[in-house]
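This is what each chain is made of:
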Amino acid sequence: MSERKVLNKYYPPDFDPSKIPKLKLPKDRQYVVRLMAPFNMRCKTCGEYIYKGKKFNARKETVQNEVYLGLPIFRFYIKCTRCLAEITFKTDPENTDYTMEHGATRNFQAEKLLEEEEKRVQKEREDEELNNPMKVLENRTKDSKLEMEVLENLQELKDLNQRQAHVDFEAMLRQHRLSEEERRRQQQEEDEQETAALLEKARKRRLLEDSDSEDEAAPSPLQPALRPNPTAILDEAPKPKRKVEVWEQSVGSLGSRPPLSRLVVVKKAKADPDCSNGQPQAAPTPGGLQNRKEANPTPLTPGTSSLSQLGAYLDSDDSNGSN
């Protein structure tokens, strides 16, 4: 079984490479390549801007009868992204750049103009020095003076770097931190002072409002309350205690309503015979009322019970016995 990846090819003994037919291709054959726009350009047909770095599928060919120091020059064909118009440009090995040929215009580029201007000035200077030796001496003097200025500036920069190299950054940071703390403390004190001033102002305004309201109300002065004499109770004569009878302990006093009074039903007074006959009763005269009071000096109260009447009877007996 033969090897899959062959490194050495077999050449028979009668191999003649001159007998291999050669493929004849045209010299201006075009190849399809993938490239990016080498510069900013604008289409002449539709005015579309094509920026540097935009990718295209271009056709490449070798320019006939154009060679720079043995290097061939290539031409590229691309199409506008908007109107599909054909745009061509070719290489420029002399300036290591590209040259626009057809279909678009190259946009303004300051770098390229600056380089061209420097090249022009350098060429003019060389032409002047070629025929004028005094001009050569003058240019050398200017160059030496310019070089001395450059060296002085460089020395100043070196000294500045050396001074900065000895700077203590920790001390700088510490000082900055202290200054920040001082500034923060001052700001806090100012805020406290302002707050205290506002509070004082509000307090004064509240006091003024309270004084105005008091002036408007103007209440009468309060009289001082009379304080009782703490020794007044000693000056009073002691009251004799009333003897509590035995029946009062079981029944109760006369003035109080006994708890069994509700069980006693009071009889209703009989109607007057004069009123029952339908004749109106005459209005009582003051004399008649007085005679009735004298006849019955101790009227019975309607709410008194039999037990209370019994107590009254016992009190009268005690009073008679004492007399």
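Residues numbered from 1 in each chain as written. Predicted model: local features only at pLDDT ≥ 70, side-chain atom pairs only at ≥ 80, totals over all residues. Heavy atoms only, no water.

The chain is annotated in an unreviewed UniProt entry as Splicing factor YJU2 of Gorilla gorilla gorilla. Note on the chain: under the UniProt heading Subunit (unreviewed entry), the record states "Component of the spliceosome. Present in the activated B complex, the catalytically activated B* complex which catalyzes the branching, the catalytic step 1 C complex catalyzing the exon ligation, and the postcatalytic P complex containing the ligated exons (mRNA) and the excised lariat intron." Among the UniProt annotations of the chain, the heading Subcellular location (unreviewed entry) holds the following wording: "Nucleus". (UniProt positions renumbered as here; feature names shortened; annotations may be inferred.)

Peer 1: Can you help me understand the packing of aromatic side chains in this one?
Peer 2: Both the distance between ring centres and the angle between the ring planes are used here to describe each pair of aromatic rings. The final tally for this structure, using the stated rule, is 4 aromatic pairs. Ring plane angle 70° and centroid distance 5.9 Å describe the contact between Phe39 and Phe89, whose orientation is recorded as edge-to-face. One end of the pair, Phe39, is in the loop between β1 (31-36) and β2 (41-43); the other, Phe89, is in strand β6 (residues 86-92), and 50 residues separate them in sequence. Residue classification places Phe39 among the buried residues on the basis of a relative accessible area of 0%. A connected cluster of aromatic rings, assembled from ring pairs, spans Phe39, Phe76, Phe89 and Tyr98. Over the ring of Phe74 we find Lys60, and its NZ or CZ is 4.9 Å from the ring centre. Lying across the ring of Phe39, Arg106 places its NZ or CZ 4.3 Å from the centre. (Phe/Tyr/Trp six-rings, centres within 6.5 Å; stacked < 30°, edge-to-face > 60°. Helix = DSSP H or I, 4+ residues; strand = E, 2+ residues; numbered from the N terminus. Buried < 20%, exposed > 50% of the residue type's maximum accessible area, 1.4 Å probe, protein only. Lys NZ or Arg CZ within 6 Å of the ring centre and 35° of its normal.)

Peer 1: Help me out: how do you make sense of the UniProt feature "coiled-coil region" (unreviewed entry) in the chain in this one?
Peer 2: The sites that carry the UniProt feature "coiled-coil region" (unreviewed entry) are, in the present numbering, residues 107-154 and 178-205. In residues 178-205, the share of helix is 100% and the share of strand is 0%. The end C-alpha atoms are 41 Å apart.

Peer 1: Can you walk me through the sheet that holds strand β8 (residues 104-106) in this structure?
Peer 2: Paired through their backbone hydrogen bonds, the strands of a sheet run either parallel or antiparallel. Ordered in space as β3-β2-β8, the 3 strands form an open sheet in which the pairing is antiparallel. Unpaired on one side and paired on the other, β3 (49-50) and β8 mark the two borders of the sheet. As paired elements, β2 and β3 share 2 bridges and run antiparallel to each other. Looking at the pairing, Met41 lines up with Ile50 of β3. (Pairing = 2+ DSSP bridges.)

Peer 1: So what exactly am I meant to see when it comes to a nonpolar patch on the surface here?
Peer 2: Together, Met148, Leu151, Leu154 and Leu157 line one region of the surface with nonpolar side chains, adding up to about 380 Å² of accessible area. Following the sequence through the fold, Met148 ends up in helix α2 (residues 133-165). (Patch = residues over 30% accessible without salt bridge, like charges linked within 9 Å, V, L, I, M, F, W, Y side chains within 5 Å. Areas by Shrake-Rupley, 256 points an atom, 1.4 Å probe, with all protein chains shown as cover. Salt bridge = Lys/Arg side-chain N within 4 Å of Asp/Glu carboxyl O.)

Peer 1: Explain the UniProt feature "binding site: Zn(2+)" (unreviewed entry) in the chain here, please?
Peer 2: Those places that UniProt annotates as "binding site: Zn(2+)" (unreviewed entry) correspond, in this numbering, to Cys43, Cys46, Cys80 and Cys83. These residues run over 41 residues, yet every pair of their C-alpha atoms falls within 8.8 Å of each other. Of note, Cys43 is situated in strand β2. The exposure class assigned to Cys43 is buried, which follows from its relative accessible area of 3%.

Peer 1: I'm lost on the sheet that holds β6 in this one. Help?
Peer 2: Taken together, the 5 strands give an open sheet; going across it, the order is β1-β4-β5-β6-β7, and neighbouring strands pair in antiparallel fashion. The open sheet has two edge strands, β1 and β7 (97-102), and neither has a second partner. The average undirected angle you get between the axes of adjacent strands in this sheet is 40°. Both β1 and strand β4 (residues 55-68) contribute to a ladder of 6 bridges, which runs antiparallel. Of the residues in β4, the one forming a bridge with Val33 is Ala58. (Axes fitted to C-alpha atoms, helices over the stretch in contact; angles between N-to-C directions.)

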